[in-house]
Amino acid sequence: MTDPLLRLTGLTKAYPGVIANKDVSFDIGRGEVHALLGENGAGKSTLVKTIYGLVKPDSGKMTLEGAPFQPAEPRAARAAGVAMVFQHFSLFDAMNVAENIALGMENPPAQSEIAARVLAVSDQYGLPLDPSRIVGELSAGERQRVEIIRCLLQDPKLLIMDEPTSVLTPQEVAILFETLRKLSAEGTAILYISHKLEEIRALCETATVLRLGEVVATCDPRATSARDMAELMVGSTLHVPEKAARDVGDVVLSLKNLSAKAPHRFGTSLRNISLDVRKGEVLGIGGVAGNGQDELVAALSGEMPTGADMLHYKGKAIGQMRPNERREIGLLAAPEERMGHAAAPDMSLTENAIMTATTRQRLTTRGFLHWAKARGFAEQVIKAFDVRTPGPQNAARSLSGGNLQKFVIGREIMQDPEVLVVNQPTWGVDASAAAAIRQALLDLASKGAAVICISQDLDELMEISDRFAALNEGRLSAPRPARGLTVDEIGLMLGGAHDMEVAHDSA
Amino acid sequence: MILLEKRPQPSRVWTFATPVLAVVLTMIFGGVLFAALGNNPFETIRTIFLDPLFSEFAWFYRPQILIKGAPLVLIAIGLSFGFRAGIWNIGAEGQYIIGALCGAAVGLAFYPTESFIIFPLMVIAGALGGWAWAMIPGFLRVKFGTNEILVSLMLVYVAEQLLSSMALGAMRNPDGVGMPGSRNLTQYPSATSWINESAGMHWGVVFAFIAVIFAYIALSRHIFGFQVRLSGQSPRAAKFAGVNPARLILICMGLSGALAGLAGLFEVAGPASQVSINFNVGYGFTAIIVAFLGRLHPVGIVLAAGLMALTYIGGEIAQSNLGLPGAAIQLLQGMLLFFLLAVDVLTNYRIRLKREGLT
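The shown structure was predicted, so the numbers you read here are calculated from the model rather than taken from an experiment. (Residues numbered from 1 in each chain as written. Chains lettered and ligands numbered in written order. Predicted model: local features only at pLDDT ≥ 70, side-chain atom pairs only at ≥ 80, totals over all residues. Heavy atoms only, no water.)

Peer 1: What should I look at first to understand the overall build of chain B in this one?
Peer 2: For chain B, the helix and strand inventory stands at 15 helices and 4 strands. At 22 Å, chain B has a C-alpha radius of gyration in line with the 21 Å of a compact globule built from 359 residues. Residues counted as buried form 52% of the 359 residues belonging to chain B. Contacts in chain B between residues at least 24 apart in sequence constitute 78% of all its contacts with a sequence separation of at least 6. When the accessible surface of chain B is split by element, carbon and sulfur atoms take 67% of a total near 16,300 Å². (Helix = DSSP H or I, 4+ residues; strand = E, 2+ residues; numbered from the N terminus. Rg over C-alpha atoms; globule rule 2.2 N^0.38 Å. Buried < 20%, exposed > 50% of the residue type's maximum accessible area, 1.4 Å probe, protein only. Contact = heavy atoms within 4.5 Å. Areas by Shrake-Rupley, 256 points an atom, 1.4 Å probe, with all protein chains shown as cover.)

Here it is in structure tokens:
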């Protein structure tokens with residue numbers, strides 16, 4: 001049994017204009033927890049899609065347990081014992097857990113049998129899940145469990161997990177790791193894709209680092225520091241954001257019992273949020289997606305007007321002010337969704353600069369646009385934030401996610417806000433760009449602006465925040481100083497781990 | 001295998017080339033159609049597209065292009081703002097009728113007084129009439145979230161009923177010995193929109209060109225045009241940028257309604273000469289094709305309206321000289337929109353040919 005479970009030899013896949021994978025070779029042993037590391041665009045997803053039969057490689061071969069392995073489609077990969085949990089779930093909200101699982105099967109047995117098997121598997125691996133519950137009512141962590149159990153019912157030899165922890169609370173992460181360790185002990189290999197280095201250090205035995213489609217290093221994450229791994233990913237020394245010592249000043253923005261009904265059916269209502277934000281501080285707001293983040297940003301940016309007295313800016317009630325009036329007085333925001341919300345994909349960067357900068361940069365006179373001035377402002381943002389693009393005449397959609405994010409955040413920061421609200425400022429952004437954005441936010445705060453940073457990335461929040469608060473079902477916890485907060489305390493603030501601990505004790 | 005590959009940004013060349021390609025394809029397939037009908041395809045295409053401009057009777061047809069083109073330009077310019085913003089006013093035909101009725105009503109009310117103020121008052125009434133008719137779907141959409149496509153379209157039929165009721169009732173010519181239809185406005189010097197009838201010049205032509213210039217400036221230089229484009233491309237981004245969606249809907253509906261109303265007024269006081277049962281001939285619907293054929297761009301709309309006017313006139317010539325059925329001309333116009341939409345894909349996508357087996 002010296003054969004590895006899966007051996008990749010010289011896998012190459014090129015798309016027009018980019019080589020996604022170049023001569024990738026590595027082995028995954030039986031029962032091994034193998035990490036696949038790399039920045040966005042390093043070729044991780046192309047590689048796992050190749051293994052899962054979604055992409056056909058241009059050259060190179062794979063062997064599974066010594067036999068040639070060329071899955072033409074995911075069905076073939078599944079039949080050979082490869083299962084995958086995607087980052088985005090494919091579940092039907094209106095159906096229950098057992099029905100969702102049956103939908104993924106070739107020949108589904110009776111519902112009662114599925115339910116029994118779900119219960120058995122969830123008991124065996126400490127993944128509490130009630131097969132009769134409607135998926136729409138489940139938390140993100142529970143939905144992920146549905147996907148995992150769906151995979152486990154196939155009795156896989158290799159389980160691929162794509163960024164599994166991005167939607168989980170720390171407690172849910174702990175439960176997931178427990179399960180993965182158990183699986184690995186029983187001989188199931190796990191290919192774990194993530195860019196959260198501390199997780200990989202805690203979980204994985206081997207890490208393969210991809211950069212620009214090539215394997216640049218293989219290391220033992222337990223014996224390598226997170227910083228070293230990050231530098232392997234980026235290929236250069238990583239700049240760690242520094243907090244300059246700064247004075248926290250007067251309250252500039254206060255939320256007083258901010259409540260608002262959900263703007264649409266799948267939204268979250270905001271309930272009695274009270275908060276004071278001071279000059280010069282970075283306030284981090286954590287929480288699992290869908291707990292009111294979008295609504296809070298909309299209420300602050302002016303897209304969703306609230307009661308006038310619910311928001312005070314320098315003592316003035318502004319809850320009814322329109323977005324551009326708020327920009328005029330210095331309250332700026334950058335929403336999470338880049339394409340179609342923070343930026344218009346088909347418009348040029350100059351036009352995207354006009355989107356939010358007309359008021360403060362005085363880009364209009366009596367409604368007539370100053371194109372040259374707008375272009376100049378776009379160029380300034382591009383230059384100051386190192387946005388990689390041939391020029392401001394290019395459409396926003398031609399930029400990579402990280403570059404567009406730098407532009408969108410830069411556009412607000414370059415307008416000298418007094419309060420800046422950002423939602424997921426580094427979502428899907430590679431490590432070096434993320435570090436640059438965080439540094440820019442810290443610099444802004446040290447100049448005396450207040451920054452409200454909403455994020456699901458707790459490491460990010462701990463790195464830059466002075467105070468930390470958590471959003472849970474539209475309610476905001478009381479902010480606490482970020483320094484000295486433990487992971488357990490954060491987890492409790494985020495709403496705890498729902499009802500999982502009990503099941504785990506019995507497992 | 002043929003693959004469609006999304007371009008990183010829209011192709012500039014194809015933005016301008018697709019309308020031309022669509023016209024060429026229409027000529028080819030139209031020719032095939034005419035050949036199948038037993039006509040000489042080359043002669044038919046020449047009759048429709050070239051004779052109005054270059055035949056020995058061109059002196060008669062050329063002014064007709066102005067007459068047919070002006071209302072199309074006016075209406076299409078108004079529609080282009082809404083279409084760019086994703087607001088679908090399909091009922092310009094109704095707003096055109098109501099504009100004509102309101103304008104004509106003012107003119108008829110003053111009959112037979114002569115004054116320089118009468119025609120300007122008619123223009124205002126025409127614009128207001130079209131505006132008000134378009135505000136009904138606009139207001140219902142903003143207030144109750146109704147679909148403006150359905151409401152504006154249904155109001156066309158209401159307007160048509162009103163038109164016949166007016167032509168047969170309240171506005172009927174008292175001296176017309178029971179004949180349906182109002183007084184002839186072109187024979188009422190204070191109320192006619194003609195400037196020079198034999199040259200095809202009426203005030204509608206003047207207003208159409210003013211509208212084109214204003215639209216061009218608004219779309220390229222003014223924040224309003226920017227907001228219109230932004231709202232059409234990314235509604236959420238527009239809201240974030242501070243655009244008030246309800247206000248934009250009302251402005252775009254009102255603008256297209258007012259321009260359609262103006263077109264109706266100029267038509268009734270000029271080329272059509274009176275309020276009659278069959279006053280409307282579908283300019284409001286054809287303008288939708290014109291707006292898209294012209295890429296929702298003011299200059300493009302002028303060219304597209306010229307082309308549509310050409311097919312109208314050429315079609316009439318072909319009907320009388322070659323005995324072509326009228327439906328064949330409508331088919332040709334429909335084909336034009338169809339090919340335009342079909343080749344439009346080239347603006348945002350490029351076609352790649354791949355040999356089988358290499359995927």
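Having put the structure on the table, let's press on.
Peer 1: Looking at this structure, how should I read the overall build of chain A?
Peer 2: Secondary structure assignment for chain A yields 17 helices and 23 strands. The C-alpha radius of gyration of chain A comes to 24 Å, within 12% of the 23 Å expected for a compact globule of 507 residues. Burial analysis of chain A (507 residues in total) assigns 55% to the buried set. Excluding contacts between residues fewer than 6 apart, the proportion of contacts in chain A whose partners are at least 24 apart in sequence is 66%. Carbon and sulfur atoms form 50% of the exposed surface of chain A, whose accessible area is close to 20,800 Å².

Peer 1: How should I be thinking about the sheet that holds strand S11 (residues 251–260) of chain A in this particular structure?
Peer 2: Across a sheet, strands are paired by hydrogen bonds formed along the backbone, either parallel or antiparallel in direction. Residue and element names in this part refer to chain A. Within the open sheet, the 4 strands sit side by side as S12-S11-S14-S15. Their pairing is antiparallel. Here the strands that pair on one side only, and so sit at the sheet edges, are strand S12 (270–278) and strand S15 (316–317). With 6 bridges joining them, S11 and S12 adopt antiparallel strand pairing. Pairing of Ser254 across the sheet is with Asp276, part of S12. Each of S11, S12 and strand S14 (311–313) is contacted by helix H9 (residues 293–301), which is oriented at about 120 degrees to S11, the strand it contacts most. (Pairing = 2+ DSSP bridges. Axes fitted to C-alpha atoms, helices over the stretch in contact; angles between N-to-C directions.)

Peer 1: When you look at the nonpolar core in this model, what are you seeing that I'm missing?
Peer 2: Taken as a class, soluble globular proteins show a tendency for nonpolar side chains to be buried jointly. Of all hydrophobic cores here, the largest spans 186 residues; its most connected members are A:Leu253 and A:Leu296. Considering every element that reaches this core, the biggest residue donor is helix H11 (residues 245–268) of chain B, with 12 residues. Contacts of A:Leu253, omitting those with residues within four sequence positions, involve A:Leu275, A:Asp276, A:Val277, A:Leu300, A:His312, A:Tyr313, A:Ile318, A:Leu331, A:Val419 and A:Ile452. Counting residues in each nonpolar core, the second largest holds 47 residues, with A:Ile149, A:Ile190, A:Leu197 and A:Ala226 among its members. (Core = buried A, V, L, I, M, F, W, Y, C linked by side-chain atoms within 4.5 Å.)

Peer 1: In this structure, what is going on with the sheet that holds strand S1 (residues 6–15) of chain A? I would like to understand it.
Peer 2: Residue and element names in this part refer to chain A. Taken in spatial order, the 4 strands of this open sheet run S2-S1-S4-S5, and their pairing is antiparallel. Every other strand in the sheet has two partners, leaving strand S2 (18–28) and strand S5 (67–68) as the edge strands with one partner each. In the sheet, S1 pairs with strand S4 (residues 59–64) via 5 bridges, with the strands oriented antiparallel. Along S4, the bridge assignment pairs Thr9 with Lys61.

Peer 1: Would you take a moment to explain the interface of chain A and chain B for this structure?
Peer 2: It is common to give the size of an interface as the accessible area lost on bringing the parts into contact. Residue-level contacts link 38 residues of chain A with 25 residues of chain B. Summed over both sides, the interface of chain A with chain B buries roughly 2,500 Å², with 55% coming from carbon and sulfur. The shortest N-O distance in the salt bridge between B:Arg229 and A:Glu351 comes to 2.5 Å. Taken together, chain A and chain B are joined by 9 residue pairs in polar contact (both at pLDDT 80 or more). Breaking the side of chain A that touches chain B down by element, the ones donating at least two residues are helix H10 (323–329), strand S16 (331–334), helix H11 (349–361), strand S18 (368–369) and helix H13 (401–413) of chain A. If one sorts the elements of the side of chain A that touches chain B by residue count, H11(A) sits on top with 5 residues. Taken together, the residues that form the side of chain A that touches chain B break down as 16 nonpolar, 11 polar and 11 charged. (Buried area = accessible area lost by both parts, 1.4 Å probe. Salt bridge = Lys/Arg side-chain N within 4 Å of Asp/Glu carboxyl O. Polar contact = N/O pair within 3.5 Å; in protein donor to acceptor, adjacent residues only side chain to side chain. Nonpolar A, V, L, I, M, F, W, Y, C, P; charged D, E, K, R; others polar.)

Peer 1: In this structure, what is going on with the packing of helix H4 (residues 58–84) of chain B against helix H13 (residues 298–322) of chain B? I would like to understand it.
Peer 2: A pair of packed helices is characterised by two quantities: the angle between their axes and the separation of those axes. Residues and elements named next belong to chain B. Close contact between H4 and H13 brings their axes to 8 Å; oriented N to C, the two are set at 135 degrees. The angle between H4 and H13 falls in the class oblique. Classified by chirality, the crossing of H13 by H4 is right-handed. Residues Tyr61, Gln64, Ile65, Lys68, Gly69, Leu72, Val73, Ala76, Ile77 and Ser80 of H4 touch H13, and the partners they reach there are Pro298, Ile301, Val302, Ala305, Gly306, Met308, Ala309, Leu310, Tyr312, Ile313, Glu316 and Ile317. Considering only residue class, the contact of H4 with H13 consists of 16 nonpolar, 4 polar and 2 charged. (Parallel < 35°, antiparallel > 145°, perpendicular 65-115°, else oblique. Left-handed = near helix turned anticlockwise from the far one by under 90°.)

Peer 1: What's the story with the pattern of salt bridges in this structure? I'm lost.
Peer 2: Between side chains of opposite charge, pairing is possible as soon as their charged atoms come close. All names here are of chain A. Enumeration over the complete set of coordinates arrives at 27 salt bridges over all chains. Measuring nitrogen to oxygen at the nearest pair gives 3.2 Å for the salt bridge that ties Arg227 to Glu231. With a gap of 4 residues between them, Arg227 and Glu231 both fall in helix H8 (residues 226–234), about one helical turn apart. The exposure class of Arg227 is partly exposed, given its relative accessible area of 41%. Accessibility expressed as a relative area gives 21% for Glu231, which makes it partly exposed. The shortest N-O distance in the salt bridge between Glu412 and Arg411 comes to 3.1 Å. Taking relative accessible area as the criterion, Glu412 reaches 0% and is therefore assigned buried. For Arg411, a relative accessible area of 0% gives the class buried.

Peer 1: Looking at this structure, how should I read the state of the cysteines?
Peer 2: What is meant by a disulfide is a covalent connection between two cysteines, made through their sulfur atoms. Residue and element names in this part refer to chain A. Taken as a whole and assessed by the stated rule, the structure comprises 0 disulfides over all chains. Cysteine Cys204 remains unbridged, with the sulfur of Cys219 as its closest cysteine sulfur at 10 Å. Overall, the relative accessible area of 1% leaves Cys204 in the buried class. (Disulfide = S-S within 2.5 Å.)

Peer 1: Explain the confidence of the model for chain B to me, please; I cannot follow it from the model alone.
Peer 2: Note: predicted coordinates in regions of low pLDDT should not be interpreted at a detailed level. Within chain B, residue pLDDT values average 91, and 98% of them lie at 70 or more. Interface scoring of the predicted complex returns ipTM 0.83; its pTM is 0.77. (pLDDT = per-residue confidence, 0-100.)

Peer 1: What's the story with the packing of aromatic side chains in this structure? I'm lost.
Peer 2: Each aromatic ring pair is specified by the distance between its two centres and by the angle formed by the two planes. By the definition in use, this model includes 16 aromatic pairs over all chains. Through pairs of rings, three or more aromatic residues link up here, namely B:Tyr96, B:Phe279, B:Tyr283 and B:Tyr312. Of note, A:Arg327 hangs over the ring of B:Phe240, and the distance from its end group to the ring centre comes to 4.9 Å. (Phe/Tyr/Trp six-rings, centres within 6.5 Å; stacked < 30°, edge-to-face > 60°. Lys NZ or Arg CZ within 6 Å of the ring centre and 35° of its normal.)

Peer 1: Would you explain the confidence of the model for chain A in this entry?
Peer 2: Averaged over every residue, the pLDDT of chain A is 86; residues scoring 70 or more account for 95%. Throughout residues 496–507 of chain A the model reports pLDDT below 50, and contacts reaching past four residues in sequence, or to other chains, amount to 18 contacts.

Peer 1: Can you walk me through the packing of helix H5 (residues 92–110) of chain B against H11(B) in this structure?
Peer 2: Residues and elements named next belong to chain B. One can describe the packing of H5 onto H11 by two numbers: an axis separation of 6 Å at closest approach and a directional angle of 55 degrees. Of the possible angle classes, the one that applies to H5 and H11 is oblique. Once H5 is placed against H11, the crossing between them reads as right-handed. Residues Ala92, Gln95, Tyr96, Gly99, Ala100, Gly103 and Ala104 of H5 pack against Ser256, Gly257, Ala260, Gly261, Ala263, Gly264, Leu265, Glu267 and Val268 of H11. Each residue belonging to the contact of H5 with H11 can be placed in one class, and the counts come to 8 nonpolar, 7 polar and 1 charged.

Peer 1: Is there a simple way to think about H9(A) in this case?
Peer 2: An α-helix turns once every 3.6 residues. As a result, residues three or four positions apart point the same way. All names here are of chain A. When you tally the buried positions in H9, you get 8 out of 9 residues, the bulk of the element. The complete set of buried residues in H9 reads Gln293, Glu295, Leu296, Val297, Ala298, Ala299, Leu300 and Ser301. The positive-phi residue at the C-terminal boundary of H9 is Gly302, with phi of around 100 degrees.

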